[in-house]
Amino acid sequence: MTITPEAALAILDDHTKSGINPGLSRMHAAVELLADPQSGYPTIHVAGTNGKTSTARMCASILTGLGFRTGLYTSPHLVDVYERFEIDGEPVKPATFAERIEYLQPIMDEVERICDAPLSYFELCTVIAFELFSDSAVSAAVVETGMGGSWDATNIVDAHVAVITNVGLDHTEYLGERVVDICAEKAGIIKAGSHVITGVREPALLEVIAERIETVGAGPLWRLGEEIQIEDSEPAVGGRLLSMSTPNGGYQDVFVSLLGQHQSDNAALAIAACEAFVGSQLQGESVVASLSDVTSPARLEILQRHPLVVLDGAHNGPGARALAQSVQEALAYDNCVLVLGILKSKDAQEIVDALLPIAGRVIVTRPSDDGDFRDPTELAQLVEESGPGVEVIETTNVSEALRIAYEVVTPDDLILITGSLYMAGEARALLSQD
(Lines give C-alpha, C1' and ligand atoms only; values in the text may rest on other atoms or scores of the structure.)
Protein backbone atom coordinates (compact mmCIF):
# COMPACT_ATOMS: atom_id res chain seq x y z
CA MET A 1 0.00 0.00 0.00
CA THR A 2 1.44 3.38 -1.02
CA ILE A 3 2.10 5.72 1.88
CA THR A 4 1.06 9.37 1.81
CA PRO A 5 3.57 12.25 1.51
CA GLU A 6 2.65 13.22 5.08
CA ALA A 7 3.49 9.74 6.33
CA ALA A 8 6.74 9.77 4.36
CA LEU A 9 7.76 13.07 5.96
CA ALA A 10 6.97 11.64 9.40
CA ILE A 11 9.25 8.68 8.70
CA LEU A 12 12.04 11.01 7.61
CA ASP A 13 11.56 13.31 10.61
CA ASP A 14 11.81 10.29 12.90
CA HIS A 15 15.43 9.95 11.78
CA THR A 16 16.36 13.29 13.37
CA LYS A 17 16.54 11.41 16.67
CA SER A 18 19.83 9.79 15.69
CA GLY A 19 21.55 13.19 15.45
CA ILE A 20 24.98 13.60 13.85
CA ASN A 21 26.97 10.37 14.09
CA PRO A 22 30.22 10.65 12.06
CA GLY A 23 31.23 7.71 9.92
CA LEU A 24 30.30 6.16 6.58
CA SER A 25 29.46 2.61 7.67
CA ARG A 26 25.69 3.16 7.50
CA MET A 27 25.92 4.79 4.07
CA HIS A 28 28.08 1.98 2.71
CA ALA A 29 25.63 -0.60 4.09
CA ALA A 30 22.67 1.22 2.53
CA VAL A 31 24.11 1.63 -0.97
CA GLU A 32 25.43 -1.94 -0.97
CA LEU A 33 21.90 -3.17 -0.34
CA LEU A 34 20.75 -0.95 -3.23
CA ALA A 35 23.50 -2.16 -5.63
CA ASP A 36 25.43 1.13 -5.48
CA PRO A 37 23.05 3.53 -7.24
CA GLN A 38 25.59 6.39 -6.90
CA SER A 39 27.94 4.54 -9.27
CA GLY A 40 25.53 4.67 -12.19
CA TYR A 41 26.28 8.25 -13.25
CA PRO A 42 29.28 10.63 -13.17
CA THR A 43 29.24 13.22 -10.41
CA ILE A 44 30.45 16.74 -9.70
CA HIS A 45 30.97 16.79 -5.91
CA VAL A 46 30.98 20.25 -4.29
CA ALA A 47 32.41 21.12 -0.86
CA GLY A 48 33.40 24.40 0.77
CA THR A 49 32.69 26.73 3.66
CA ASN A 50 30.69 29.26 1.64
CA GLY A 51 29.19 29.33 -1.85
CA LYS A 52 28.82 25.62 -2.41
CA THR A 53 25.04 25.66 -2.90
CA SER A 54 25.16 28.47 -5.47
CA THR A 55 28.08 26.80 -7.24
CA ALA A 56 26.25 23.47 -7.29
CA ARG A 57 23.09 25.05 -8.65
CA MET A 58 25.05 26.80 -11.41
CA CYS A 59 26.81 23.54 -12.31
CA ALA A 60 23.46 21.76 -12.59
CA SER A 61 21.96 24.55 -14.69
CA ILE A 62 24.91 24.48 -17.11
CA LEU A 63 24.85 20.69 -17.46
CA THR A 64 21.11 20.69 -18.08
CA GLY A 65 21.61 23.36 -20.73
CA LEU A 66 24.23 21.18 -22.38
CA GLY A 67 21.69 18.38 -22.74
CA PHE A 68 22.50 16.21 -19.74
CA ARG A 69 19.67 14.78 -17.66
CA THR A 70 20.92 16.26 -14.40
CA GLY A 71 20.27 15.38 -10.78
CA LEU A 72 21.00 18.03 -8.13
CA TYR A 73 21.25 17.35 -4.40
CA THR A 74 21.65 20.31 -2.01
CA SER A 75 21.06 21.04 1.66
CA PRO A 76 19.60 22.29 3.87
CA HIS A 77 16.18 23.09 2.47
CA LEU A 78 14.44 26.38 3.14
CA VAL A 79 10.72 25.55 3.23
CA ASP A 80 10.26 21.84 2.48
CA VAL A 81 12.53 18.86 2.03
CA TYR A 82 11.54 18.35 -1.61
CA GLU A 83 13.80 21.28 -2.51
CA ARG A 84 16.85 19.11 -1.82
CA PHE A 85 16.25 16.82 -4.80
CA GLU A 86 15.99 18.17 -8.34
CA ILE A 87 15.92 16.56 -11.78
CA ASP A 88 16.60 19.05 -14.58
CA GLY A 89 15.73 21.96 -12.29
CA GLU A 90 12.45 20.51 -10.99
CA PRO A 91 12.10 19.52 -7.30
CA VAL A 92 10.93 16.00 -6.61
CA LYS A 93 7.15 15.69 -6.37
CA PRO A 94 5.70 14.76 -2.94
CA ALA A 95 4.14 11.57 -4.33
CA THR A 96 7.46 10.48 -5.84
CA PHE A 97 9.23 11.25 -2.57
CA ALA A 98 6.70 9.09 -0.70
CA GLU A 99 7.28 6.23 -3.14
CA ARG A 100 11.03 6.44 -2.53
CA ILE A 101 10.56 6.39 1.25
CA GLU A 102 8.25 3.39 1.01
CA TYR A 103 10.69 1.56 -1.25
CA LEU A 104 13.58 2.29 1.14
CA GLN A 105 11.86 1.24 4.37
CA PRO A 106 13.23 -2.34 4.31
CA ILE A 107 16.69 -0.90 3.56
CA MET A 108 16.44 1.43 6.57
CA ASP A 109 15.51 -1.49 8.82
CA GLU A 110 18.33 -3.67 7.50
CA VAL A 111 20.94 -0.91 7.90
CA GLU A 112 19.87 -0.44 11.51
CA ARG A 113 20.16 -4.21 12.09
CA ILE A 114 23.61 -4.42 10.44
CA CYS A 115 25.10 -1.26 11.96
CA ASP A 116 23.20 -1.24 15.25
CA ALA A 117 22.24 2.37 14.51
CA PRO A 118 19.67 3.97 12.21
CA LEU A 119 20.45 6.24 9.29
CA SER A 120 20.49 9.89 10.32
CA TYR A 121 18.15 12.43 8.71
CA PHE A 122 20.88 13.63 6.35
CA GLU A 123 22.05 10.10 5.57
CA LEU A 124 18.52 9.05 4.63
CA CYS A 125 18.12 12.14 2.43
CA THR A 126 21.41 11.30 0.73
CA VAL A 127 20.36 7.70 0.07
CA ILE A 128 17.07 9.01 -1.36
CA ALA A 129 19.00 11.34 -3.69
CA PHE A 130 21.32 8.62 -4.99
CA GLU A 131 18.47 6.14 -5.52
CA LEU A 132 16.20 8.79 -7.07
CA PHE A 133 18.90 9.84 -9.54
CA SER A 134 19.49 6.21 -10.49
CA ASP A 135 15.78 5.52 -10.91
CA SER A 136 15.43 8.72 -13.00
CA ALA A 137 18.30 7.64 -15.29
CA VAL A 138 20.27 10.88 -14.89
CA SER A 139 23.38 11.20 -17.04
CA ALA A 140 25.06 13.64 -14.60
CA ALA A 141 24.72 14.42 -10.91
CA VAL A 142 25.79 17.45 -8.89
CA VAL A 143 26.07 16.65 -5.19
CA GLU A 144 26.71 19.19 -2.44
CA THR A 145 28.30 18.04 0.80
CA GLY A 146 26.37 18.69 3.98
CA MET A 147 29.36 19.39 6.21
CA GLY A 148 33.05 18.82 5.71
CA GLY A 149 33.96 16.14 3.22
CA SER A 150 35.81 13.03 4.36
CA TRP A 151 33.08 11.81 6.71
CA ASP A 152 30.15 13.51 5.03
CA ALA A 153 27.38 11.12 4.01
CA THR A 154 27.76 12.18 0.37
CA ASN A 155 31.39 11.05 0.27
CA ILE A 156 30.67 7.57 -0.98
CA VAL A 157 30.63 8.98 -4.51
CA ASP A 158 33.76 8.86 -6.63
CA ALA A 159 33.82 12.41 -7.92
CA HIS A 160 34.52 12.82 -11.61
CA VAL A 161 35.06 16.49 -10.68
CA ALA A 162 35.75 17.63 -7.10
CA VAL A 163 35.06 21.29 -6.31
CA ILE A 164 36.25 23.03 -3.13
CA THR A 165 34.88 26.57 -3.23
CA ASN A 166 36.80 27.98 -0.25
CA VAL A 167 37.76 27.05 3.30
CA GLY A 168 37.18 28.95 6.55
CA LEU A 169 36.45 28.29 10.20
CA ASP A 170 33.00 26.72 10.50
CA HIS A 171 31.55 23.64 12.21
CA THR A 172 34.73 23.56 14.29
CA GLU A 173 33.14 21.20 16.81
CA TYR A 174 33.12 18.52 14.10
CA LEU A 175 35.80 19.53 11.60
CA GLY A 176 38.60 20.86 13.80
CA GLU A 177 39.79 24.13 15.27
CA ARG A 178 42.39 24.92 12.58
CA VAL A 179 41.65 25.96 9.02
CA VAL A 180 44.23 23.48 7.68
CA ASP A 181 42.39 20.64 9.46
CA ILE A 182 39.07 21.79 8.00
CA CYS A 183 40.69 21.97 4.55
CA ALA A 184 41.94 18.40 4.93
CA GLU A 185 38.40 17.29 5.75
CA LYS A 186 36.98 19.03 2.69
CA ALA A 187 39.77 17.71 0.48
CA GLY A 188 38.54 14.24 1.38
CA ILE A 189 36.06 14.45 -1.50
CA ILE A 190 39.01 14.22 -3.94
CA LYS A 191 39.28 10.65 -5.25
CA ALA A 192 41.55 8.83 -7.69
CA GLY A 193 41.05 10.41 -11.10
CA SER A 194 39.14 13.45 -9.85
CA HIS A 195 39.69 16.69 -11.76
CA VAL A 196 39.98 19.26 -8.95
CA ILE A 197 38.57 22.80 -9.12
CA THR A 198 39.10 25.22 -6.24
CA GLY A 199 38.63 28.82 -5.20
CA VAL A 200 41.09 28.36 -2.32
CA ARG A 201 43.97 30.84 -2.60
CA GLU A 202 45.89 30.48 0.69
CA PRO A 203 49.25 28.73 0.05
CA ALA A 204 49.04 26.55 3.17
CA LEU A 205 45.57 25.30 2.20
CA LEU A 206 46.54 24.73 -1.43
CA GLU A 207 49.38 22.59 -0.12
CA VAL A 208 46.86 20.45 1.77
CA ILE A 209 44.80 20.01 -1.41
CA ALA A 210 47.90 19.21 -3.46
CA GLU A 211 48.96 16.56 -0.94
CA ARG A 212 45.53 14.91 -1.19
CA ILE A 213 45.74 14.96 -5.00
CA GLU A 214 49.15 13.28 -4.94
CA THR A 215 48.11 10.72 -2.31
CA VAL A 216 45.02 9.45 -4.15
CA GLY A 217 46.20 9.96 -7.73
CA ALA A 218 43.86 12.78 -8.72
CA GLY A 219 44.33 15.79 -10.98
CA PRO A 220 44.70 18.06 -12.75
CA LEU A 221 44.17 20.98 -10.33
CA TRP A 222 42.61 24.21 -11.57
CA ARG A 223 42.84 27.17 -9.17
CA LEU A 224 40.82 30.37 -9.22
CA GLY A 225 43.27 33.18 -9.90
CA GLU A 226 45.69 30.86 -11.71
CA GLU A 227 44.33 28.35 -14.25
CA ILE A 228 40.89 29.98 -13.87
CA GLN A 229 41.04 33.73 -14.45
CA ILE A 230 38.25 36.26 -13.89
CA GLU A 231 39.07 38.97 -16.40
CA ASP A 232 36.14 41.25 -15.64
CA SER A 233 33.22 41.28 -13.22
CA GLU A 234 30.79 44.16 -13.03
CA PRO A 235 27.41 44.71 -11.37
CA ALA A 236 24.48 44.57 -13.77
CA VAL A 237 20.75 44.96 -13.32
CA GLY A 238 19.63 41.78 -11.55
CA GLY A 239 23.06 40.18 -11.34
CA ARG A 240 26.61 40.46 -12.66
CA LEU A 241 28.40 40.51 -16.01
CA LEU A 242 31.36 38.13 -16.03
CA SER A 243 34.26 37.52 -18.41
CA MET A 244 36.65 34.69 -17.58
CA SER A 245 38.98 32.08 -18.99
CA THR A 246 40.19 28.54 -18.30
CA PRO A 247 43.01 26.55 -19.90
CA ASN A 248 40.50 25.56 -22.60
CA GLY A 249 39.37 29.04 -23.64
CA GLY A 250 37.41 32.12 -22.65
CA TYR A 251 33.86 33.28 -21.96
CA GLN A 252 32.91 36.90 -22.51
CA ASP A 253 30.03 38.93 -21.08
CA VAL A 254 28.27 36.08 -19.30
CA PHE A 255 25.29 37.45 -17.36
CA VAL A 256 24.89 35.70 -14.00
CA SER A 257 21.46 36.31 -12.50
CA LEU A 258 22.73 36.30 -8.89
CA LEU A 259 23.81 39.38 -6.94
CA GLY A 260 27.20 39.89 -5.32
CA GLN A 261 30.88 39.85 -6.28
CA HIS A 262 31.24 36.43 -4.67
CA GLN A 263 28.83 35.00 -7.24
CA SER A 264 31.39 35.77 -9.94
CA ASP A 265 33.80 33.44 -8.15
CA ASN A 266 31.09 30.80 -7.84
CA ALA A 267 30.13 31.13 -11.51
CA ALA A 268 33.75 30.86 -12.64
CA LEU A 269 34.20 27.71 -10.56
CA ALA A 270 30.97 26.24 -11.94
CA ILE A 271 31.94 26.91 -15.57
CA ALA A 272 35.39 25.39 -14.97
CA ALA A 273 33.86 22.36 -13.22
CA CYS A 274 31.51 21.72 -16.14
CA GLU A 275 34.40 22.10 -18.57
CA ALA A 276 36.31 19.50 -16.59
CA PHE A 277 33.22 17.28 -16.56
CA VAL A 278 32.83 17.26 -20.37
CA GLY A 279 36.56 17.50 -21.11
CA SER A 280 36.46 20.50 -23.42
CA GLN A 281 35.45 24.14 -23.70
CA LEU A 282 31.71 24.66 -23.38
CA GLN A 283 29.41 26.25 -25.93
CA GLY A 284 29.37 29.92 -24.97
CA GLU A 285 25.72 30.42 -25.95
CA SER A 286 24.66 27.52 -23.75
CA VAL A 287 26.59 28.87 -20.74
CA VAL A 288 25.08 32.33 -21.20
CA ALA A 289 21.56 30.90 -21.43
CA SER A 290 22.05 28.64 -18.40
CA LEU A 291 23.41 31.31 -16.07
CA SER A 292 21.14 34.14 -17.17
CA ASP A 293 18.20 32.73 -15.21
CA VAL A 294 19.86 30.54 -12.59
CA THR A 295 18.40 30.85 -9.08
CA SER A 296 19.80 30.20 -5.62
CA PRO A 297 17.12 30.79 -2.97
CA ALA A 298 18.11 32.77 0.13
CA ARG A 299 21.33 33.93 -1.48
CA LEU A 300 20.72 37.67 -1.78
CA GLU A 301 17.22 36.73 -2.91
CA ILE A 302 14.90 39.68 -3.54
CA LEU A 303 11.33 38.87 -2.46
CA GLN A 304 9.81 42.33 -2.75
CA ARG A 305 10.71 45.76 -4.14
CA HIS A 306 8.79 48.41 -2.12
CA PRO A 307 10.02 48.05 0.52
CA LEU A 308 12.99 46.02 -0.66
CA VAL A 309 12.91 42.64 1.13
CA VAL A 310 16.00 40.44 0.81
CA LEU A 311 16.78 36.98 2.18
CA ASP A 312 20.31 35.70 2.69
CA GLY A 313 21.47 32.65 4.60
CA ALA A 314 24.84 34.12 5.66
CA HIS A 315 25.73 32.17 8.80
CA ASN A 316 29.42 32.88 9.39
CA GLY A 317 31.83 35.80 9.30
CA PRO A 318 33.04 35.49 5.69
CA GLY A 319 29.46 35.02 4.47
CA ALA A 320 28.23 38.04 6.43
CA ARG A 321 31.07 40.21 5.13
CA ALA A 322 30.32 39.16 1.55
CA LEU A 323 26.64 39.93 2.16
CA ALA A 324 27.35 43.43 3.53
CA GLN A 325 29.63 44.23 0.60
CA SER A 326 27.08 42.94 -1.94
CA VAL A 327 24.18 44.86 -0.38
CA GLN A 328 26.11 48.11 -0.58
CA GLU A 329 27.27 47.43 -4.12
CA ALA A 330 24.13 46.00 -5.72
CA LEU A 331 21.10 47.45 -3.93
CA ALA A 332 19.65 50.97 -3.72
CA TYR A 333 17.80 51.85 -0.50
CA ASP A 334 17.52 54.57 2.15
CA ASN A 335 17.77 52.69 5.44
CA CYS A 336 18.38 49.04 6.31
CA VAL A 337 16.36 47.16 8.92
CA LEU A 338 18.22 43.98 9.80
CA VAL A 339 16.18 40.96 10.95
CA LEU A 340 18.75 38.72 12.59
CA GLY A 341 18.84 35.26 14.15
CA ILE A 342 22.02 33.26 14.75
CA LEU A 343 22.66 29.66 15.77
CA LYS A 344 24.45 29.07 19.07
CA SER A 345 27.19 27.14 17.24
CA LYS A 346 28.14 30.17 15.11
CA ASP A 347 30.44 33.10 15.88
CA ALA A 348 27.76 35.72 16.52
CA GLN A 349 30.29 38.45 17.21
CA GLU A 350 31.90 38.06 13.79
CA ILE A 351 28.51 38.07 12.04
CA VAL A 352 27.28 41.12 13.97
CA ASP A 353 30.49 43.05 13.36
CA ALA A 354 30.17 42.41 9.62
CA LEU A 355 26.53 43.49 9.35
CA LEU A 356 26.22 46.40 11.76
CA PRO A 357 27.84 48.96 9.41
CA ILE A 358 24.90 48.63 6.99
CA ALA A 359 22.12 48.46 9.61
CA GLY A 360 20.03 51.36 10.90
CA ARG A 361 17.84 49.13 13.09
CA VAL A 362 18.37 45.54 14.18
CA ILE A 363 15.46 43.26 15.06
CA VAL A 364 16.76 40.13 16.79
CA THR A 365 14.76 36.92 16.88
CA ARG A 366 14.93 33.18 16.44
CA PRO A 367 12.84 30.68 14.44
CA SER A 368 9.96 29.04 16.32
CA ASP A 369 11.66 29.15 19.72
CA ASP A 370 14.37 26.89 18.30
CA GLY A 371 16.69 25.95 21.16
CA ASP A 372 19.66 25.72 18.81
CA PHE A 373 19.45 29.49 18.24
CA ARG A 374 20.90 32.18 20.46
CA ASP A 375 18.40 33.61 22.90
CA PRO A 376 17.11 36.93 21.50
CA THR A 377 17.88 38.74 24.77
CA GLU A 378 21.49 37.56 24.65
CA LEU A 379 21.78 38.47 20.98
CA ALA A 380 20.23 41.90 21.57
CA GLN A 381 22.81 42.60 24.29
CA LEU A 382 25.63 41.59 21.93
CA VAL A 383 24.34 43.92 19.21
CA GLU A 384 23.93 46.82 21.65
CA GLU A 385 27.47 46.37 22.95
CA SER A 386 28.89 46.08 19.42
CA GLY A 387 27.06 49.04 17.92
CA PRO A 388 26.31 51.84 20.37
CA GLY A 389 23.58 54.04 18.97
CA VAL A 390 22.03 51.35 16.77
CA GLU A 391 18.38 50.77 17.68
CA VAL A 392 17.83 47.15 18.73
CA ILE A 393 14.40 45.52 18.98
CA GLU A 394 14.05 42.14 20.65
CA THR A 395 11.38 39.69 19.44
CA THR A 396 10.51 36.11 20.27
CA ASN A 397 9.70 34.76 16.82
CA VAL A 398 10.22 35.48 13.13
CA SER A 399 6.59 36.38 12.48
CA GLU A 400 6.71 39.14 15.10
CA ALA A 401 10.06 40.35 13.77
CA LEU A 402 8.67 40.67 10.25
CA ARG A 403 5.55 42.47 11.48
CA ILE A 404 7.67 45.06 13.30
CA ALA A 405 10.04 45.41 10.34
CA TYR A 406 7.16 46.27 8.03
CA GLU A 407 5.82 48.80 10.56
CA VAL A 408 9.07 50.76 10.79
CA VAL A 409 10.18 50.86 7.15
CA THR A 410 9.27 53.22 4.32
CA PRO A 411 8.80 52.03 0.72
CA ASP A 412 12.40 53.09 -0.03
CA ASP A 413 13.96 51.08 2.81
CA LEU A 414 15.50 47.61 2.93
CA ILE A 415 14.46 44.70 5.16
CA LEU A 416 17.40 42.28 5.24
CA ILE A 417 16.65 38.88 6.81
CA THR A 418 19.77 36.87 7.59
CA GLY A 419 21.98 35.06 10.10
CA SER A 420 20.97 31.51 9.17
CA LEU A 421 19.40 29.53 6.34
CA TYR A 422 16.83 28.29 8.86
CA MET A 423 15.92 31.91 9.62
CA ALA A 424 15.67 32.67 5.92
CA GLY A 425 13.57 29.57 5.32
CA GLU A 426 11.00 30.38 7.98
CA ALA A 427 10.78 34.01 6.83
CA ARG A 428 10.35 32.87 3.23
CA ALA A 429 7.50 30.57 4.18
CA LEU A 430 5.77 33.29 6.23
CA LEU A 431 6.12 35.91 3.52
CA SER A 432 4.80 33.56 0.82
CA GLN A 433 1.69 32.93 2.92
CA ASP A 434 1.00 36.61 3.56
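Calculation criteria
Every chain is numbered independently, its residues counted from 1 as its sequence is written. Per-residue local features are limited, in this predicted model, to residues with pLDDT of at least 70; the limit for side-chain atom pairs, both in listing and counting, is 80 or more; totals at the level of whole chains, interfaces and linings are taken over all residues. Values shown for side chains rest on all heavy atoms present in the structure; no hydrogens or waters enter the calculation. Where helices and strands are cited, they refer to DSSP runs of H or I of at least four residues and of E of at least two residues respectively, numbered from the N terminus. For this measure, only C-alpha atoms enter the radius of gyration; the expected value for a globule follows 2.2 Å times N^0.38, where N is the number of residues. For each residue, the accessible area found with a 1.4 Å probe, counting protein chains only, is set against the maximum for its type, and the residue is called buried under 20%, exposed over 50%, and partly exposed in between. The charge count includes Lys and Arg as positive and Asp and Glu as negative, but it does not include His or the ends of the chains. For charged residues, the charge sits on one atom: NZ in Lys, CZ in Arg, CG in Asp, CD in Glu. Each salt bridge in this description consists of a side-chain nitrogen of Lys or Arg and a carboxyl oxygen of Asp or Glu lying within 4 Å of one another. Take the number of residues in a helix, subtract one, and multiply by 1.5 Å to get its expected span. Here the aromatic set is Phe, Tyr and Trp, taking the six-membered ring for Trp, and pairing holds for ring centres within 6.5 Å; pairs whose planes are under 30 degrees apart are stacked, those over 60 apart are edge-to-face, and all others are tilted. At least two DSSP bridges between two strands are required for those strands to pair. Fitted lines through C-alpha atoms serve as axes, helices being fitted only where they are in contact, and the angles separating the N-to-C directions of these axes extend from 0 to 180 degrees.

Caption draft 1: Local environment of the overall build of the protein. Along the backbone of the protein there are 15 helices and 17 strands. Computed over the C-alpha atoms, the radius of gyration of the protein is 21 Å, within 12% of the 22 Å expected from 2.2 N^0.38 for a compact globule of 434 residues. The principal-axis extent of the C-alpha atoms belonging to the protein is close to 60 × 55 × 40 Å. Counting over 434 residues, the protein shows a buried share of 56%. Distance from the positive charge centre (26 side chains) to the negative charge centre (63 side chains) of the protein: 2 Å.

Caption draft 2: Region of the structure containing the pattern of salt bridges. On inspection of all chains with the given rule, the structure shows 15 salt bridges. The partner of Glu123 in a salt bridge is Arg26, and the shortest N-O contact between them spans 2.9 Å. Taken together, the residues Glu123 in helix 5 (residues 121-135) and Arg26 in helix 2 (residues 25-33) connect sequence positions 97 residues apart. Residue Glu123 is classed as buried on the basis of its relative accessible area, which comes to 5%. With a shortest N-O distance of 3.6 Å, Asp88 and Arg69 are connected by a salt bridge. Of this pair, Asp88 sits in the loop between strand 3 (85-87) and strand 4 (90-91) while Arg69 is found in the loop between helix 3 (52-65) and strand 2 (70-73), placing the two residues 19 residues apart along the sequence. By relative accessible area, which is 30% here, Asp88 ends up partly exposed. Overall, the relative accessible area of 36% leaves Arg69 in the partly exposed class.

Caption draft 3: Here's a closer look at helix 3. Look at helix 3: 20 Å from first C-alpha to last across 14 residues, which is about the 20 Å you get at 1.5 Å a residue. Most of helix 3 is tucked away, with 12 of its 14 residues classed as buried. When we look at burial in helix 3, the residues that qualify are Lys52, Thr53, Ser54, Thr55, Ala56, Arg57, Met58, Cys59, Ala60, Ser61, Ile62 and Leu63. In the segment just after helix 3, Gly67 is the residue with positive phi, at about 105 degrees.

Caption draft 4: Molecular detail of unusual backbone geometry. A cis geometry characterises the amide bond from Ser75 onward to Pro76, with omega recorded as -10 degrees. The topology assignment puts Pro76 in the loop between strand 2 and strand 3. Across the junction of His306 and Pro307, the peptide omega takes the value 0 degrees, indicating a cis bond. Mapped onto the elements of the fold, Pro307 is located in the loop between strand 12 (301-305) and strand 13 (308-311). Phi is positive for Asp88, close to 50 degrees, though the residue is something other than glycine. With phi around 55 degrees, Ala137 is a residue other than glycine that occupies positive phi space. By the element assignment, Ala137 lies in the loop between helix 5 and strand 5 (140-144). Residue classification places Ala137 among the exposed positions, given a relative accessible area of 55%.

Caption draft 5: Looking closely at the packing of aromatic side chains. The full count for this structure, using the stated rule, is 6 aromatic pairs. Taking the centre distance of 5.4 Å and the plane angle of 75 degrees together, the rings of Phe68 and Phe277 count as edge-to-face. Of the two residues, Phe68 is situated in the loop between helix 3 and strand 2 and Phe277 in helix 9 (residues 261-278); the sequence distance between them amounts to 209 residues. Taking relative accessible area as the criterion, Phe68 reaches 24% and is therefore assigned partly exposed. Here Tyr73 and Phe122 contribute two aromatic rings whose centre-to-centre distance is 6.0 Å and whose plane-to-plane angle is 25 degrees, an arrangement assigned as stacked. In this pair, Tyr73 is assigned in strand 2 and Phe122 in helix 5, connecting sequence segments 49 residues apart. An aromatic cluster is defined as three or more aromatic residues linked by ring pairs; in this entry it consists of Tyr73, Tyr82, Phe85, Phe97 and Phe122.

Caption draft 6: Looking closely at the sheet that holds strand 10 (residues 239-246). Across the sheet, which stays open at both edges, the 3 strands sit in the order 9-10-11 with antiparallel pairing between neighbours. At either end of the open sheet lies a strand with only one pairing partner, and these are strand 9 (229-236) and strand 11 (249-256). With direction set aside, neighbouring strand axes in the sheet form an average angle of 10 degrees. When strand 9 meets strand 10, the two strands line up antiparallel, connected through 7 bridges.

Caption draft 7: How the structure looks around the pairing of strand 14 (residues 336-340). Burial of strand 14 is extensive: 5 of the 5 residues sit out of reach of the surface. Taking every second residue as pointing to the same face, both faces of strand 14 are buried, with Cys336, Leu338 and Leu340 on one and Val337 and Val339 on the other. Sheet topology places strand 14 next to strand 17 (residues 414-418); 5 bridges connect them, and they run parallel. Residue pairing in the sheet places Val337 in a bridge with Ile415 of strand 17.

In short, shape yes, function no, at least from these values alone.
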